[in-house]
Amino acid sequence: MSYPQVDILGVKFTKITNHELLEQLKKDSLLHKNRFVVTANPEIVLFARQNPKYTSILNTADYTTADGIGIIKGARILNRPLPERVTGYDTLLALLSFANEQQKRVYFLGAQPTVITKMIAKIKRKYPKLIIAGYHDGYFRDEEAVAHDIRQAAPDFVFVALGFPKQEFFIDTYRHSSQAIWMGVGGSFDVLAGVTRRAPLFWQKHHLEWFYRLLQEPSRLGRMLALPHYLLLIFQTKFLNNKKS
Ligand code: UDP
């Protein structure tokens, strides 16, 4: 099924709700389709503006969702609304539950060696029927060897937590080595392992998740300054569009 797309500063987002994406991915998985899911925030959009190869990867992914309130607000300002935030972390949790119910094979790639080992132990406890097809930390030299390991594991799902843009470049290069659902999940393994905490619901509901994350990891301040730059570009685009019409 194809969904409408919404252009935000050159990145084409899929107009899709959490429920629709999940149902679609379940269907795709049961039919053994090869799919690539990107969950993008304003920082990713800004990076893509500087990197045409990355933009084309985002725009050829099967689903690019709005991971961040900045994308939802930007879409609204440009009069091209997107239904809701669809985060990598929530999608990951939902797919893990599905993989558990259906006894699907899952490959996990990314994070520090101690983090992924901790996370795998938690996954085994929480999702006992899910099959761990394989896993590897995210600090490897030989990319081909890791790709070979994934191919041998024949997974139904491959979750790649290398941070952007690494994870999307990796998936774009290797996704055809396994008929699986491939998704970049950023820092999610750290949260699953219990090394970092996700913002409590109150902060999430009030769109303050970014601030909670900043308090936990103050070193992210530089990265977060991308947001005002992003908003400026959104207003500039709106202004130019208004002038044209
Ligand atoms: N990471 C990795 N290999 C690398 C660089 C990063 O496995 O070469 C991991 C890192 O350990 C962390 C995740 O990628 O678990 C990046 O998290 P971050 O929160 O920066 O990602 P974002 O969600 O902002 O894309």
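Keep in mind it's a predicted model, so treat the numbers as computed, not measured.

**Examining the overall build of the protein chain**
No. 1: Counting its secondary structure elements, the protein chain contains 13 helices and eight strands.
No. 2: Here the C-alpha atoms of the protein chain give a radius of gyration of 18 Å, agreeing with the 18 Å that 2.2 N^0.38 yields for 245 residues.
No. 3: Out of the 245 residues in the protein chain, the part that is buried amounts to 49%.
No. 4: Restricting to contacts in the protein chain with at least 6 residues of sequence separation, those with at least 24 account for 73%.
No. 5: For the protein chain, the computed accessible surface area is about 12300 Å², with 56% contributed by carbon and sulfur atoms.
No. 6: Considering the protein chain, the positive charge centre built from 33 side chains and the negative charge centre built from 21 side chains are found 5 Å apart.

**Digging into the site of the ligand**
No. 1: Every one of the 16 residues lining the ligand counts as a neighbour, but Gly138, Lys166, Asp190, Arg213 and Arg223 are closest to it.
No. 2: At 3.3 Å, a backbone N or O of Gly187 approaches an oxygen atom of the ligand.
No. 3: Within the side chain of Asp190, an N or O atom sits 2.4 Å from an oxygen atom of the ligand.
No. 4: Protein coverage of the free-state accessible area of the ligand, which is 550 Å², stands at 81%.
No. 5: At a threshold of 2 Å from the grid points, most atoms of the ligand map onto the largest pocket.
No. 6: Classifying every residue of the shell around the ligand gives five nonpolar, six polar and five charged.

**Observations regarding the nonpolar core**
No. 1: Judged by nonpolar contacts, the single largest core of 43 residues is most densely connected at Ile8, Phe13 and Phe170.
No. 2: Here the element with the most residues in this core is helix 4 (residues 69–77); it accounts for five residues.
No. 3: Ignoring anything within four residues of it in the chain, the contact list for Ile8 reads Phe13, Val45, Gly74, Ala75, Leu78, Tyr230 and Ile234.
No. 4: Core analysis: the second largest hydrophobic core is formed by 34 residues, Leu95, Tyr127, Leu130 and Phe159 among them.

**Examining the side chain of Thr196**
No. 1: Checked against the element boundaries, Thr196 lands in the loop between helix 9 (188–193) and helix 10 (201–205).
No. 2: If we ignore the near neighbours within four places in the chain, the residues touching Thr196 are Asp190, Val191, Gln216 and Glu217.

**Thoughts on the pattern of salt bridges**
No. 1: Across all of its chains, the model carries 11 salt bridges by this definition.
No. 2: Residue Glu43 pairs with Arg223 through a salt bridge whose shortest N-O separation is 2.8 Å. Here Glu43, found in helix 2 (residues 42–50), pairs with Arg223, found in helix 12 (residues 221–224); they are 180 residues apart in sequence, far enough to count as distant.
No. 3: By relative accessible area, which is 36% here, Arg223 ends up partly exposed.
No. 4: Note that Arg198 is salt-bridged to Asp90, the shortest N-O span being 2.8 Å. You can see Arg198 sitting in the loop between helix 9 and helix 10 and its partner Asp90 sitting in helix 5 (residues 88–101), a full 108 residues away along the chain.

**Some words on a nonpolar patch on the surface**
No. 1: A cluster of nonpolar side chains, Trp210, Phe211 and Leu215, forms an exposed patch at the surface whose accessible area comes to about 310 Å².
No. 2: Inspection of the secondary structure assignment puts Phe211 in helix 11 (residues 209–216).

**Let's talk about the sheet that holds strand 6 (residues 131–136)**
For sheets, the rule is that strands pair by backbone hydrogen bonds, running either parallel or antiparallel.
No. 1: An order of 4-3-8-7-5-6 is seen for the six strands of this open sheet, with the pairing classed as parallel. Two strands close off the open sheet at either side, each with one partner strand: strand 4 (63–66) and strand 6. Each neighbouring strand pair of the sheet contributes to a mean axis angle of 15°, computed without reference to strand direction.
No. 2: Against the sheet, helix 6 (residues 113–126) engages strand 5 (105–110) and strand 6, with an angle of about 175° to strand 6.

**With respect to the packing of aromatic side chains**
No. 1: Inspection of every chain in the model, using the stated rule, returns 13 aromatic pairs.
No. 2: Taking the centre distance of 6.4 Å and the plane angle of 70° together, the rings of Tyr3 and Tyr63 count as edge-to-face. Of this pair, Tyr3 sits in the segment before strand 1 (5–8) while Tyr63 is found in strand 4, placing the two residues 60 residues apart along the sequence. Tyr63 carries the same exposure label as Tyr3, and that label is buried.
No. 3: Judged by centre distance (6.1 Å) and plane angle (40°), the ring pair of Phe108 and Phe159 falls under tilted. Here Phe159 lies in strand 7 (residues 157–161) and Phe108 lies in strand 5, a separation of 51 residues in the sequence.
No. 4: The buried category is assigned to Phe159, whose relative accessible area is 1%.
No. 5: Within the aromatic cluster, the residues linked to one another by ring pairs are Phe98, Phe108, Phe157, Phe159 and Phe189.

Rules and cut-offs
- Residues numbered from 1 in each chain as written.
- Predicted model: local features only at pLDDT ≥ 70, side-chain atom pairs only at ≥ 80, totals over all residues.
- Heavy atoms only, no water.
- Helix = DSSP H or I, 4+ residues; strand = E, 2+ residues; numbered from the N terminus.
- Rg over C-alpha atoms; globule rule 2.2 N^0.38 Å.
- Buried < 20%, exposed > 50% of the residue type's maximum accessible area, 1.4 Å probe, protein only.
- Contact = heavy atoms within 4.5 Å.
- Areas by Shrake-Rupley, 256 points an atom, 1.4 Å probe, with all protein chains shown as cover.
- Lys, Arg positive; Asp, Glu negative; His and termini not counted.
- Charge placed at Lys NZ, Arg CZ, Asp CG, Glu CD.
- Near = heavy atom within 4 Å.
- Polar contact = N/O pair within 3.5 Å; in protein donor to acceptor, adjacent residues only side chain to side chain.
- 1 Å grid on protein atoms, 1.4 Å probe; cavity = no way out; pocket = protein on both sides within 12 Å on 5 of 7 lines; lining within 4 Å.
- Sits in = over half its atoms within 2 Å of the grid points.
- Nonpolar A, V, L, I, M, F, W, Y, C, P; charged D, E, K, R; others polar.
- Core = buried A, V, L, I, M, F, W, Y, C linked by side-chain atoms within 4.5 Å.
- Salt bridge = Lys/Arg side-chain N within 4 Å of Asp/Glu carboxyl O.
- Patch = residues over 30% accessible without salt bridge, like charges linked within 9 Å, V, L, I, M, F, W, Y side chains within 5 Å.
- Pairing = 2+ DSSP bridges.
- Axes fitted to C-alpha atoms, helices over the stretch in contact; angles between N-to-C directions.
- Phe/Tyr/Trp six-rings, centres within 6.5 Å; stacked < 30°, edge-to-face > 60°.

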